[in-house]
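Here is how the chains run, residue by residue.
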Amino acid sequence: MKTTGNTILVAGGTSGIGLALALRFHEAGNKVIVAGRRRDLLDEIVAGHDGIEGEVLDVTDQASITQLFQTVTAKHPELNAIIAMAGIMVPEKVLDPSSLEVTERTVATNLLGPIRLIHTFAPFLVEQPDAAILTVTSGLAYVPLPFTPTYSATKAAIHSYTESLREQLRDTSAQVIEIAPPLTRTTLMGSGTDNEQAMPLDEFISETMSLLGTQPDAEQILVERVKRQRFAEATGTYDEVFAMQAGR
Ligand SMILES: NC(=O)c1ccc[n+]([C@@H]2O[C@H](COP(=O)([O-])OP(=O)(O)OC[C@H]3O[C@@H](n4cnc5c(N)ncnc54)[C@H](OP(=O)(O)O)[C@@H]3O)[C@@H](O)[C@H]2O)c1
C-alpha cells in the first residue's frame, strides 16, 4: 500500500498498536480517523492531534458498524483504507463455566468484528483507487497460547479469512494485508506496558511502517520478532515453541 496520501480508518485506534499506528500514519501525511468504544479517549486523541478525527464504534454491534460506515463515507468519500485493529485478549479456563462468556465476547470482537467491518466497507473500498484492507492477527495465530485458547483461535481464523479475502478481491483495486504482531508492549491483557519479554511499541510501529514502505506489495507484515512463531511449523520448531508458550 502507499504510506502517504491515504484516508485511513483505524477501527480499534483508541490505544495501543492502533493508536500508535494511527499517529504514525497521521505524521506521514495521511488523513486518519480513529474509532473505538471509549469516547473519552477519542476526545483526547482528537484534541491532541490536529486533523485526526474520532468516531465511536463497537465492532460487536452491526448497527454501530453501519452507522460508522455512513458517517465516515459521507464525511470522507475519498476513504481508501481500513485497518481492522479492534481486539480483546482475556484468559480463559475451559473447566471454569464463567469462561464461556469470555469466549463468546472474544469471537464477537476478534472474529465476527473484522468480518462485519470488511463486509460493510469492502464494496465501497473496491471502487476506490489504491484501496487497502488491513487485518490484524498475531504470532499466536501460528502457535497458540494455551492460556487464551479462543483468542489464539480467532487470530488463526482471521489469518485464514484474510487469505480467502485477498483471493476474492484479486481483480479489484483493493490490496489485502495481514499484520501479525508479536507480543508487544500494550495494555491488551490488562497488563502494564513494562513486560520485558514484549516488543517495545515504538520499535514495533517503526519496523511495521518501514516494512509497509519498503514492501508495498507485501501480503503479510512480519517484523523480525514474530518470525519464530510465524514459521515454527515450516522450520520444525512448532513443538518447542508451543511447549515454551505453554510454560513447560
Ligand atoms: N499487544 C500485543 O502483544 C499483540 C500481539 C498480537 C496482536 N495484537 C492485536 O493488536 C490489536 C490491538 O491490540 P493492542 O495490543 O493495541 O491492545 P489495546 O491497546 O487493548 O487495543 C485494542 C483496541 O481495540 C479496541 N476495541 C476492543 N474491543 C472493541 C470493540 N468491541 N469495538 C471497537 N473497538 C474495540 C479498543 O478500543 P476501545 O476499548 O476504546 O473500544 C482498542 O483501541 C488487537 O487486535 C490485538 O489482538 C496485539
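Bear in mind the structure is a predicted one, so any value in this text is a computation, not a measurement.

(A) Just the overall build of the protein, in detail. Within the protein, the regular secondary structure consists of nine helices and seven strands. Against the 2.2 N^0.38 benchmark of 18 Å for 248 residues, the protein shows a C-alpha radius of gyration of 17 Å, consistent with a compact globule. Here the C-alpha coordinates of the protein stretch approximately 50 × 40 × 35 Å along the principal axes. Taking contacts inside the protein between residues at least 6 apart in sequence as the whole, the part at least 24 apart equals 63%.

(B) Representation of the environment of Leu57. Turning to its location among the elements, Leu57 is positioned in the loop between strand E3 (53-56) and helix H3 (62-75). Here Leu57 falls in the buried class, since its relative accessible area comes to 3%. When residues no more than four places from it in sequence are discounted, the contact partners of Leu57 are Ala11, Ala35, Gly36, Arg37, Ser64, Ile65 and Leu68.

(C) Here's a closer look at the site of the ligand. Lining the immediate surroundings of the ligand are 29 residues, of which Ile17, Arg37, Tyr151, Thr184 and Thr186 lie closest. Gly12 places a main-chain nitrogen or oxygen 3.4 Å from an oxygen atom of the ligand. Interatomic distance of 2.8 Å between a side-chain N/O atom of Thr14 and an oxygen atom of the ligand. A total of 880 Å² of accessible area belongs to the ligand in isolation, and the protein chains cover 96% of it.

(D) Structural context of the sheet that holds E3. The strand order E3-E2-E1-E4-E5-E6-E7 describes an open sheet built from seven strands, whose pairing is parallel. Whereas interior strands pair on both sides, the edge strands pair on one side only; in this sheet they are E3 and strand E7 (220-221). One ladder, built from five bridges, connects strand E5 (residues 132-136) with strand E6 (residues 175-179); its direction is parallel. Paired with Ile133 across the strands is Val176, a residue of E6. Contacting strand E1 (7-11), strand E2 (31-36) and E3, H3 crosses the sheet at an angle of about 155 degrees to E3.

(E) Examining the side chain of Ser138 more closely. Topologically, Ser138 is positioned in the loop between E5 and helix H5 (149-168). On the basis of relative accessibility, which here comes to 7%, the residue Ser138 falls in the buried class. Reaching out from Ser138, the side chain makes a polar contact with the backbone nitrogen of Leu140 at a distance of 2.9 Å. The residues touching Ser138, leaving out its near neighbours within four places in the chain, are Tyr151, Lys155, Ala180 and Pro181.

(F) View of helix H9 (residues 238-245). For H9, the complete set of buried residues consists of Val241, Ala243 and Gln245. One or two steps after H9, the chain reaches Gly247, where phi turns positive at roughly 75 degrees.

Cut-offs used in this document
Residues numbered from 1 in each chain as written. Predicted model: local features only at pLDDT ≥ 70, side-chain atom pairs only at ≥ 80, totals over all residues. Heavy atoms only, no water. Helix = DSSP H or I, 4+ residues; strand = E, 2+ residues; numbered from the N terminus. Rg over C-alpha atoms; globule rule 2.2 N^0.38 Å. Contact = heavy atoms within 4.5 Å. Buried < 20%, exposed > 50% of the residue type's maximum accessible area, 1.4 Å probe, protein only. Near = heavy atom within 4 Å. Polar contact = N/O pair within 3.5 Å; in protein donor to acceptor, adjacent residues only side chain to side chain. Areas by Shrake-Rupley, 256 points an atom, 1.4 Å probe, with all protein chains shown as cover. Pairing = 2+ DSSP bridges. Axes fitted to C-alpha atoms, helices over the stretch in contact; angles between N-to-C directions.

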